[in-house]
Amino acid sequence: MRAFSADYLRRTREGLWESREALRDLELDTRRRALDIGCGTGELTRVLADETSGEVVGVDADRDLLTVATESVPVVAGDAHRLPFPDDSFDLVVCQALLINLPDPERAVREFARVSSDLVAAIEPDNSSVSVESTVSAESDLSRRARAAYVAGVDTNVALGGGGTREAFHAAGLDDVSTRTHHHAKTVEPPYSARELEAARRKATAGALTDRRETLVGPLAPDEYERLRADWREMGRTVVDQMRAGEYRRAEVVPFYVTTGRV
Ligand SMILES: C[S@@+](CC[C@H](N)C(=O)[O-])C[C@H]1O[C@@H](n2cnc3c(N)ncnc32)[C@H](O)[C@@H]1O
C-alpha cells in the first residue's frame, strides 16, 4: 500500500472543495449515514460532515492518518476490500483519490456496493491531465515530462479519472452511473507562504524526483532520469531566485471527476 503523509494530504487538498457544486449528486442534505473510505486525514470527511446532518464515518488502513481524522470525525481502521460493516449499513459510501491507488478498483467498488443501501460515489483525479503554467518557462514542460514518466511507471492507474471509474462502477453492477467534472485550481503568488518557500527549496534539490526514482527509472532510461533531475534542479534554482525578487507565479489545475452510481 502506498503511504501518504498527513502534511502531503493537507497541502494537496487545500481549497479543493471551496466550490461544492460537483458534489450535488451525492444529495448530502438527505443522508442519514455516510462512509468515507480511504479517508486519510479526513479532508473529504469533514466536507461531508459539514453538508449533512446525518452521521459521517471515516475508514482508512493507515492508523497514523486516522489519528488526525479522528480529531473531527468518528473513524474506524479497515481495508477497503473487506469493510468491517454489515450489508446496507450506510446510505452513501464515497471515496476520494482511493481507487487510483488500488490495483483492482472494481473489487473495492463491489465492496462499497455491499455496504451501501443507496448511493456509491468516487472522486478520482486524472493525473495525466494536470496543467501547470509558470513564470519559469521550463517548469510547465518539466512537470509534464516528470508526470508522464510517473503515470507510466506507477503500478496502479493514477490517470483513472471519470472514464476508468465509470468502467469499475458498471462492472460492479451499479446503475444510473454518471460523472461531474471538478477542477482544483492552485496558485502560488506573492506573498509566499512558508510552505511555498519550502516547496521551492525542494525543487532546487529535485527531492520529489529522488523520492520517485524507482518509479521513474523504467519509463525513463537512467541517463534520461539524470538529465531530468539536472534540468529540474536548474528550474528550481530559478524559482527560488524569482521568489526572492517577488516575481514568481504558478497556476496548476488538477481535474477531479465525481462519479455516482445506485446500488
Ligand atoms: C491519496 S490518499 C487520499 C486520502 C483522502 N481520501 C483525501 O482525499 O485526502 C489515499 C488513502 O487511501 C488509503 N488506502 C490505501 N489503500 C487502502 C485500503 N486498501 N483500504 C483502506 N484505505 C486505503 C491510504 O492510507 C490513504 O489515506
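Residues numbered from 1 in each chain as written. Predicted model: local features only at pLDDT ≥ 70, side-chain atom pairs only at ≥ 80, totals over all residues. Heavy atoms only, no water.

Caption draft 1: Quick look at the site of the ligand. Around the ligand, 21 residues are found, and the nearest of them are Arg-13, Gly-38, Asp-60, Ala-80 and Gln-96. In this structure, Ala-80 approaches the ligand through a main-chain N or O atom, which is 2.9 Å from a nitrogen atom. Compared with its free state, where it exposes 600 Å², the ligand has 96% of that area covered by protein. Here the shell around the ligand is composed, by residue class, of 10 nonpolar, six polar and five charged. (Near = heavy atom within 4 Å. Polar contact = N/O pair within 3.5 Å; in protein donor to acceptor, adjacent residues only side chain to side chain. Areas by Shrake-Rupley, 256 points an atom, 1.4 Å probe, with all protein chains shown as cover. Nonpolar A, V, L, I, M, F, W, Y, C, P; charged D, E, K, R; others polar.)

Caption draft 2: Region of the structure containing the environment of Ala-168. Here Ala-168 shows up in helix H6 (residues 161-171). On a C-alpha basis, the gap between Ala-168 and Asp-104 in space is 8.9 Å, while along the polypeptide they are 64 residues apart. Dropping the residues within four chain positions of it, Ala-168 is found in contact with Pro-105, Glu-106 and Val-109. (Helix = DSSP H or I, 4+ residues; strand = E, 2+ residues; numbered from the N terminus. Contact = heavy atoms within 4.5 Å.)

Caption draft 3: Quick look at the pattern of salt bridges. Taken as a whole, this structure holds 31 salt bridges when the rule is applied. Arg-33 serves as the salt-bridge partner of Glu-55, at 3.0 Å between the closest nitrogen and oxygen. Taken together, the positions of Glu-55 in strand E2 (residues 55-60) and Arg-33 in strand E1 (residues 33-37) put the pair 22 residues apart, joining distant regions of the chain. Ionic pairing is found between Glu-111 and Arg-114, a salt bridge with its closest N-O pair at 2.9 Å. Here Glu-111 and its partner Arg-114 are both found in helix H4 (residues 105-115), three residues apart, which amounts to about one turn of the helix. One continuous salt-bridge network, built from bridges that share partners, spans Glu-139, Lys-186, Lys-203, Arg-250 and Glu-252. (Salt bridge = Lys/Arg side-chain N within 4 Å of Asp/Glu carboxyl O.)

Caption draft 4: Structural context of the packing of aromatic side chains. A full pass over the atoms with the stated rule returns two aromatic pairs. When the centroid spacing of 5.0 Å and the interplanar angle of 90° are considered together, the rings of Phe-85 and Phe-90 count as edge-to-face. A residue is classified by how much of its surface remains accessible, and Phe-90, at 1% relative accessible area, is buried. Over the ring of Tyr-150 we find Arg-212, and its NZ or CZ is 4.0 Å from the ring centre. (Phe/Tyr/Trp six-rings, centres within 6.5 Å; stacked < 30°, edge-to-face > 60°. Buried < 20%, exposed > 50% of the residue type's maximum accessible area, 1.4 Å probe, protein only. Lys NZ or Arg CZ within 6 Å of the ring centre and 35° of its normal.)

Caption draft 5: Molecular detail of helix H5 (residues 137-153). With 17 residues, H5 extends 26 Å between its outermost C-alpha atoms, agreeing within 8% with the 24 Å of an ideal straight helix rising 1.5 Å per residue. All of the buried residues in H5 are Glu-139, Leu-142, Ser-143, Ala-146, Ala-149 and Tyr-150. The buried residues of H5 occupy one face: seen down the axis, they fall within an arc of 135°. Among the exposed residues of H5, those pointing more than 90 degrees away from its buried face are Ser-137, Arg-144 and Ala-152. (Expected span 1.5 Å × (residues − 1). Arc of directions from axis to C-beta.)

These figures come from the coordinates and say nothing about function on their own.
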